[in-house]
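Take a look at the letters that make up each chain.
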Amino acid sequence: MCGLCGTFAPDGTLDRTVSATMHTRLTHRGPDESYSLSTPTLSMKLGRLGMTGLRDGWQPADDTGGRYAAVTNGEIYNAPELNRRLGLRPTNRVDVALVPELFARYGTDGLKLIDGQFATAVYDRAHDRLHLGRDRFGICPLFYTVAGTHTHFASELKTLVTSVPGARRIDLTAVDQYLALGNIVAPRTLMRDVHAVPPGCVVTFGDGAPRTTRYWRYGEFDTAAPPATHEEIRATLGDAIRDRLRADVEIGAYLSGGFDSSTLVVEAARLLGRAPRTFSVLFEDAALDEGRFQREVARTVGSEHHQIHCGPADVAAGFEDMVRHCCHPQRETYNVAARLLSDDVRRAGLKGVISGEGADELYFGYDSYVFDAARRTRLAAREENSRAWGRADFGWEVDWDRSARRRSCLTPAAEEALAGADFWQERLIPFTDKEAAALTPMQLRSVADVYVQLGGHLLGDHGDLMLMANSVEGRYPFLGNEVVELALRTADERKVADFEGKAVLKAAYADVVPAQVVNRAKQGFTAYGLDAISDDRNTARWRDLVAAGAVFAPDALERLTADPVPGKWDLRLSLISISAIVDELGLKL
């Protein structure tokens with residue numbers, strides 16, 4: 001992973017100071033080397049975290065014809081295969097040097113061939129155009145804003161917002177999205193007129209308005225295909241793990257003690273002939289702690305196992321600083337633990353880890369899929385659902401009974417400004433009504449999970465931003481192209497069987513992963529609630545933050561505390577974190 005930024009001004013009025021400023025604010029993402037590409041209309045920079053081609057790789061990279069130049073953050077795991085396909089014998093050993101050649105030969109569809117993770121800026125010298133592209137699932141972040149005739153872009157929202165001059169206004173539809181969904185869905189961000197490049201898309205700048213082209217989407221299910229055998233599942237996932245362990249530096253592994261991370265660690269040990277170094281978090285609360293499962297897996301593979309302890313005092317001390325670093329709203333506190341864990345990885349001398357994100361979304365591991373499988377009647381139809389998801393009987397995780405409660409948290413001015421711009425008034429997944437109707441309830445939930453929760457949150461603020469705060473790269477074998485294709489052709493009843501999610505994966509690894517891990521109940525990674533980390537000092541500070549932000553009613557926290565309503569998350573954390581971001585970025589209504 002690296003830190004990518006730049007400014008594009010096709011009218012020739014380029015000011016290079018913004019890109020230079022952004023670059024200095026992204027050094028935590030790329031501390032090893034710095035690269036630049038400068039033309040009369042473009043200034044872009046990359047701070048590199050070196051993983052491959054340490055002695056014989058560089059950026060920017062050019063295609064063989066010299067038309068395209070690219071600066072890219074990320075990894076291409078199938079680079080050897082693509083080089084053979086293209087007939088290339090590259091002297092530049094950085095795998096992402098392939099990007100401009102793929103663009104030259106296939107256009108935006110060339111990115112579809114990549115098995116990897118990337119955010120790229122591709123410059124077309126012939127037509128003076130800039131293309132910003134992002135990998136299939138949005139593992140690597142990329143944000144942009146258009147200010148007059150200038151387009152500015154960067155790997156992190158905070159860097160972009162604080163470096164580009166001009167008014168900074170909060171996007172209230174994004175606030176409504178977060179209070180309802182616990183996530184913000186690309187291309188929206190918390191700031192008006194600042195956008196995320198959507199996963200699987202390329203945004204093109206040049207003559208006229210920006211144009212977004214989708215080159216891939218998740219959700220093309222083909223369950224009529226022959227089912228995968230257990231041997232095929234293990235071989236396919238094994239290939240994805242092997243590819244993500246390949247680097248010029250050592251790659252470790254996160255080990256939560258759940259099935260997904262344990263499977264990756266066991267398979268990595270088999271592939272390497274030795275166990276990777278493993279890293280875990282221990283919590284003081286027995287209901288949160290998974291230490292016994294982590295230790296069992298570490299003993300099984302014989303890994304050098306690193307554990308950090310995270311208590312309520314650690315979370316209380318680090319919560320607001322974590323929010324101000326990532327400038328992404330929070331509904332739980334576990335990102336503090338995630339940031340502490342990546343710090344431990346870096347102190348151990350590692351630059352990368354494999355992690356299990358994606359398995360639950362693709363192989364139906366959450367309890368909600370089990371409920372879908374057991375449901376015998378359709379949910380009540382709502383017009384709001386039709387607008388948001390393309391199906392009146394599908395509402396994802398939205399609790400419509402809490403809608404009035406969410407809106408009551410807003411100031412009158414914010415509520416008035418939000419009128420007619422509710423989160424559900426735009427489509428949240430890249431599917432038409434007809435396409436959504438053709439999906440089973442569990443398939444539609446999987447699509448929503450990927451586009452609402454996985455890309456923006458689990459791979460975004462929880463993944464990239466917590467890892468890269470300490471110059472560590474996350475790699476995700478369950479999101480390998482072939483592993484995803486297996487998921488898309490696996491029938492619902494093989495994924496959820498006997499009230500158990502990820503059934504086909506667990507069956508495939510029943511004799512490989514320790515039985516107590518395979519058979520344990522699903523436990524999501526979580527940490528301490530707001531009440532456990534609150535004291536008089538931070539409670540007063542957070543109350544003042546909320547009151548000062550002009551988005552939420554001054555007494556909103558008190559009202560939510562006095563009249564708690566059970567839900568999937570604590571709205572108070574969302575209000576506190578959004579207010580901290582408003583303060584950090586100087587956002588106005």
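The sections below set out a description of the structure shown in this document. Just so we're clear, the structure is a prediction, and the values are computed from it rather than from any experiment. Residues take numbers from 1 onward in each chain, read along the sequence in its written order. In keeping with the predicted nature of the model, local features appear solely for residues at pLDDT of at least 70, side-chain atom pairs appear and are counted solely at 80 or more, and the whole-chain, interface and lining totals rest on all residues. Each side-chain value is worked out from all heavy atoms of the structure, with water and hydrogens disregarded.

**Section: the overall build of the protein chain**
Only DSSP runs of H or I with at least four residues qualify as helices, and only runs of E with at least two residues qualify as strands; both kinds are numbered from the N terminus onward. In terms of helices and strands, the protein chain carries 25 helices and 17 strands. Whereas a compact globule of 589 residues would reach a radius of gyration of roughly 25 Å, the protein chain reaches 23 Å, a difference of no more than 12%. Seen along its three principal axes, the alpha-carbon backbone of the protein chain occupies a region of about 65 × 60 × 50 Å. Buried residues are those whose accessible area, probed at 1.4 Å on protein chains only, stays under 20% of the maximum for their type, while exposed residues exceed 50% and partly exposed ones sit between those limits. Here the protein chain holds 589 residues, and the buried ones make up 62% of them. In this description, contact between two residues means that some pair of their heavy atoms is separated by no more than 4.5 Å. Once local pairs closer than 6 in sequence are excluded, the contacts in the protein chain between residues at least 24 apart make up 74%. We take the radius of gyration over the C-alpha atoms and set the globule estimate at 2.2 Å times the residue count to the 0.38 power.

**Some remarks on unusual backbone geometry**
Cis geometry is found at the peptide bond from glutamine 59 to proline 60, where omega equals 0°. For proline 60, the location among the structural elements is in the loop between strand 3 (42-48) and strand 4 (61-62). The phi angle at phenylalanine 499 is positive, at roughly 60°, despite the residue not being glycine. Take phenylalanine 499: it is sitting in the loop between helix 19 (492-495) and helix 20 (503-508). The phi torsion at lysine 502 lies on the positive side, around 55°, for a residue other than glycine. With respect to the helices and strands, the residue lysine 502 is situated in the loop between helix 19 and helix 20.

**Here we look at the packing of aromatic side chains**
Aromatic ring pairs are defined here through the distance separating the ring centres and the angle between the ring planes. Only centres within 6.5 Å qualify two rings of Phe, Tyr or Trp (six-membered ring in Trp) as a pair; their planes then separate them into stacked at under 30 degrees, edge-to-face at over 60, and tilted for everything else. Under the definition given, this model contains 13 aromatic pairs. Taking 6.4 Å as the distance between ring centres and 65° as the angle between the ring planes, the aromatic pair formed by phenylalanine 8 and tyrosine 123 counts as edge-to-face. Of this pair, phenylalanine 8 sits in strand 1 (residues 2-8) while tyrosine 123 sits in strand 6 (residues 116-124), placing them 115 residues apart in sequence. Accessibility expressed as a relative area gives 0% for phenylalanine 8, which makes it buried.

**What about the nonpolar core?**
By convention a nonpolar core is built from buried Ala, Val, Leu, Ile, Met, Phe, Trp, Tyr and Cys residues, the set being connected through side-chain atoms within 4.5 Å. Within the largest apolar cluster, 170 residues are counted, with the highest numbers of intra-cluster contacts made by Phe137, Ile170, Leu181, Tyr218, Leu362, Trp389 and Phe552. Aside from chain neighbours lying at most four places away, what touches phenylalanine 552 is Val175, Leu179, Cys409, Leu410, Thr411, Val546, Leu575, Ile578 and Ser579. Among the nonpolar cores identified, the runner-up in size contains 22 residues, and Leu46, Val71, Ala119 and Val203 belong to it.

**A short note on the environment of tyrosine 476**
Counting through the fold element by element, tyrosine 476 comes out in the loop between strand 17 (473-475) and helix 18 (481-488). For tyrosine 476, the residues in contact, after removing those within four places along its chain, are Gln117, Ile139, Arg244, Ser355, Glu357, Leu459, Gly463 and Leu467.

**Remarks on helix 3 (residues 99-106)**
Listed as buried for helix 3 are Val99, Pro100, Glu101, Leu102 and Phe103. Those residues of helix 3 hidden inside the fold are in contact with strand 4, strand 5 (68-76), helix 2 (79-86), strand 6, strand 7 (129-134) and strand 11 (201-206). Directly after helix 3, the chain includes glycine 107, whose backbone phi takes a positive value near 70°.

**Notes on the sheet that holds strand 2 (residues 33-38)**
If you walk across this open sheet you meet the six strands as 2-3-1-9-8-10, and the pairing is antiparallel. If you trace the sheet from one side to the other, it starts and ends with strand 2 and strand 10 (194-196), each paired once. Along the sheet, successive strands turn relative to each other by an average axial angle of 15°, direction set aside. Any two strands are treated as partners once DSSP identifies two or more bridges connecting them. Sheet topology places strand 8 (residues 143-147) next to strand 9 (residues 150-154); five bridges connect them, and they run antiparallel. Note on strand 9: the bridge partner recorded for phenylalanine 143 is alanine 154. Contacting strand 1, strand 2, strand 3 and strand 9, helix 1 (residues 17-24) crosses the sheet at an angle of about 170° to strand 1. A fitted line through C-alpha atoms serves as each axis, taken over the contacting stretch for helices, and the angle formed by two N-to-C directions is quoted from 0 to 180°.

**Looking at the environment of glycine 474**
Here glycine 474 is to be found in strand 17. Accessibility expressed as a relative area gives 3% for glycine 474, which makes it buried.

**Let's talk about helix 25 (residues 571-585)**
Helix span, expected: 1.5 Å multiplied by one less than the number of residues in the helix. Here helix 25 is 15 residues long and its end C-alpha atoms lie 21 Å apart, about the 21 Å a rise of 1.5 Å per residue gives. Where burial is concerned, most of helix 25 is hidden: 13 out of the 15 residues are buried. Glycine 586 lies just past helix 25 and shows a positive phi near 65°.

**Quick word on the state of the cysteines**
Cysteine sulfur atoms that pair up within 2.5 Å are treated as a disulfide. Following the criterion strictly, the structure yields zero disulfides and no others. We note that cysteine 2 lacks a disulfide partner, and the nearest cysteine sulfur, in cysteine 140, lies 8.6 Å from it. Of the cysteine sulfurs around cysteine 310, a residue in no disulfide, the closest is that of cysteine 326, at 15 Å. For cysteine 310, a relative accessible area of 1% corresponds to the buried category.

**A closer look at the pattern of salt bridges**
Salt bridges, as used here, are contacts in which a Lys or Arg side-chain nitrogen is within 4 Å of a carboxyl oxygen on Asp or Glu. Tallied over the entire structure, the rule returns 49 salt bridges. Salt-bridge contacts for glutamate 101 lead to arginine 105; the nearest nitrogen and oxygen are separated by 2.8 Å. With glutamate 101 and arginine 105 both in helix 3 and four residues apart, this pair spans about one turn of that helix. Close ionic contact of arginine 324 with aspartate 583 constitutes a salt bridge, the shortest N to O distance being 2.8 Å. In this pair, arginine 324 sits in helix 9 (residues 312-326) while aspartate 583 sits in helix 25, placing the two residues 259 residues apart along the sequence. Classification of arginine 324 by relative accessible area gives buried; the value is 13%. On the basis of relative accessibility, which here comes to 46%, the residue aspartate 583 falls in the partly exposed class.

**Focus on the pairing of strand 9**
Most of strand 9 is tucked away: five of the five residues are buried. Here strand 9 shows a buried face lined by His150, His152 and Ala154 and a second buried face lined by Thr151 and Phe153. Two strands pair when backbone bridges link them, and strand 1 and strand 9 are joined in this way by four bridges, in the antiparallel orientation. Pairing of cysteine 5 across the sheet is with alanine 154, part of strand 9.

**Some thoughts on the sheet that holds strand 6**
Strand pairing in a sheet is mediated by backbone hydrogen bonds. Such pairs are either parallel or antiparallel. Strands sit in the order 4-5-6-7-11-12 across an open sheet of six strands; the sheet is antiparallel. The sheet terminates laterally at strand 4 and strand 12 (208-214), the two strands that pair on one side only. Relative to strand 12, strand 11 runs antiparallel, the two sharing five bridges. Opposite valine 202, over in strand 12, you have threonine 213 as the bridge partner.

**Some thoughts on the packing of helix 12 (residues 367-374) against helix 17 (residues 441-468)**
Two numbers describe how helix 12 lies on helix 17: the axes approach to 9 Å, and their chain directions differ by 160°. Here helix 12 lies roughly antiparallel to helix 17, going by the angle between them. Seen along the crossing, helix 12 lies across helix 17 with a hand that is right-handed. Every residue of helix 17 that contacts helix 12 at Ser368, Tyr369, Asp372 and Ala373 is listed here: Pro441, Met442, Arg445, Ser446 and Asp449. Three classes are used, and their members are as follows: Ala, Val, Leu, Ile, Met, Phe, Trp, Tyr, Cys and Pro are nonpolar, Asp, Glu, Lys and Arg are charged, and the others, Gly among them, are polar. Across the contact of helix 12 with helix 17, the residue classes tally to four nonpolar, two polar and three charged. Convention used here: angles under 35 degrees read as roughly parallel, angles over 145 as roughly antiparallel, angles from 65 to 115 as roughly perpendicular, and any remaining angle as oblique. Handedness of each helix crossing follows the sense of rotation of the near helix against the far helix: counterclockwise by less than a right angle gives left-handed, clockwise gives right-handed.

Function cannot be inferred from these measures alone, as they are strictly geometric.
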